[in-house]
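Given next are the chains, with one letter for each unit.
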Amino acid sequence: MPSPQMSQAPRRGPAAGRVPDELYDAYVFDLDGTIYLGEALLPGAGRLITALRDLDRPVRFLSNNPTKDPQQYADKLEALGLPTPVDDIVNTVVVMTRWLLDNAPDAVVFPIAEGPLIRAFEQAGIRMSEDPSEIDIVVASYDRGFEYRKLQIAFDALWFHRRARLVATNPDRYCPMPGGRGEPDCAAVVAAIEACTGATCEVNVGKPDPAILHTALAGLTVDPARAVMVGDRLSTDIRLAREAGAASALVLTGDTQRDELHGLPAAQAPDFVLERVDRLLPPRLWEYLGWEEDDGHDG
Ligand SMILES: [Mg+2]
């Protein structure tokens, strides 16, 4: 794609709202509620990602969800028409595995987790056990197989043997689903363990911890201040951007309703608010690309 002519005044641009007026050096996107919801791309997501790649802007994807591994996300994006290299996707499976290898390489771990996280630990050579007397770290996560037996093991490791530490993949209360529904997420598992043991979760490796953004930008020579983080949640995506020193764009297609922004302290407010994710491109690029408001509904 040739260089866009940025000097022309736009014939029309995105609807009123605070949107970027420049291109960033890197673009980092949340997935659920930002790029897709359920099994469908959100309006404008497909043409936005295609345009950014045509403009040679690095695009990375982040997810706090540890119930899939990056390859499963890559497969899903490909099925939705957005083929993506697996290394351009970072989720809490990747970051938690790395955190354990970096911070507790010899620890015996009890993962309260689904298959993808457990398989990643196995592949990394992390020792795992269900014997509370030898567990050093309880890893809480979004686990739809959570049950009393697992809670008892965590309780014994943390409270009875008083040897284990509690860490978590992500702080989300629930995972949004289509139709306004949701599933209880990692915060519920952490709360159950904290409630019975009196322990406090020491580490969360998912958003808003800046480590996940730094992992996503690894290998790029991009100043985080010249990157923009785009997501649908104030408490994770937008806070992450702030903590990592990146620009932040909140998209109103997922968790956050516009009225939640009223009265929000400036320190928690996003830099930009987007009705749909393709408004991330400046209005003059809409003009250059010939985009219309009503286009892009198929992604
Ligand atoms: Mg989201």
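Just above, that's the structure.
Here we summarise the structure given alongside this text. (Residues numbered from 1 in each chain as written. Predicted model: local features only at pLDDT ≥ 70, side-chain atom pairs only at ≥ 80, totals over all residues.)

Remarks on unusual backbone geometry
Working step 1: For the bond running from K207 to P208, omega is 10°, close enough to zero to count as cis.
Working step 2: Note on placement: P208 falls in the loop between β12 (203-204) and α7 (210-217).
Working step 3: In this structure, D56 takes a positive phi of about 60° despite not being glycine.
Working step 4: Position of D56 among the secondary structure elements: in the loop between α1 (45-54) and β4 (59-63).
Working step 5: Residues other than glycine seldom take positive phi values, yet R162 does so here, at roughly 50°.
Working step 6: On the secondary structure map, R162 appears in the loop between α5 (148-160) and β9 (165-168).
Working step 7: Take R162: there are 10 C-beta atoms within 10 Å of it, and that puts it in the exposed class. (Helix = DSSP H or I, 4+ residues; strand = E, 2+ residues; numbered from the N terminus. Buried ≥ 20, exposed ≤ 12 C-beta atoms within 10 Å, placed from the backbone.)

A look at the pairing of β4
Working step 1: Counting buried positions along β4 yields 4 of 5 residues, so the element is predominantly enclosed.
Working step 2: Both strand β1 (residues 26-30) and β4 contribute to a ladder of 4 bridges, which runs parallel. Bridge pairing in β4 places V28 opposite R60.
Working step 3: The pairing of β4 with strand β5 (residues 89-91) spans 3 bridges and is classified as parallel. Opposite S63, over in β5, you have N91 as the bridge partner.
Working step 4: With helix α2 (residues 70-79) bridging β4 and its parallel neighbour β5, the resulting β-α-β unit is right-handed. (Pairing = 2+ DSSP bridges. Right-handed = clockwise from strand over helix to strand, strands pointing away.)

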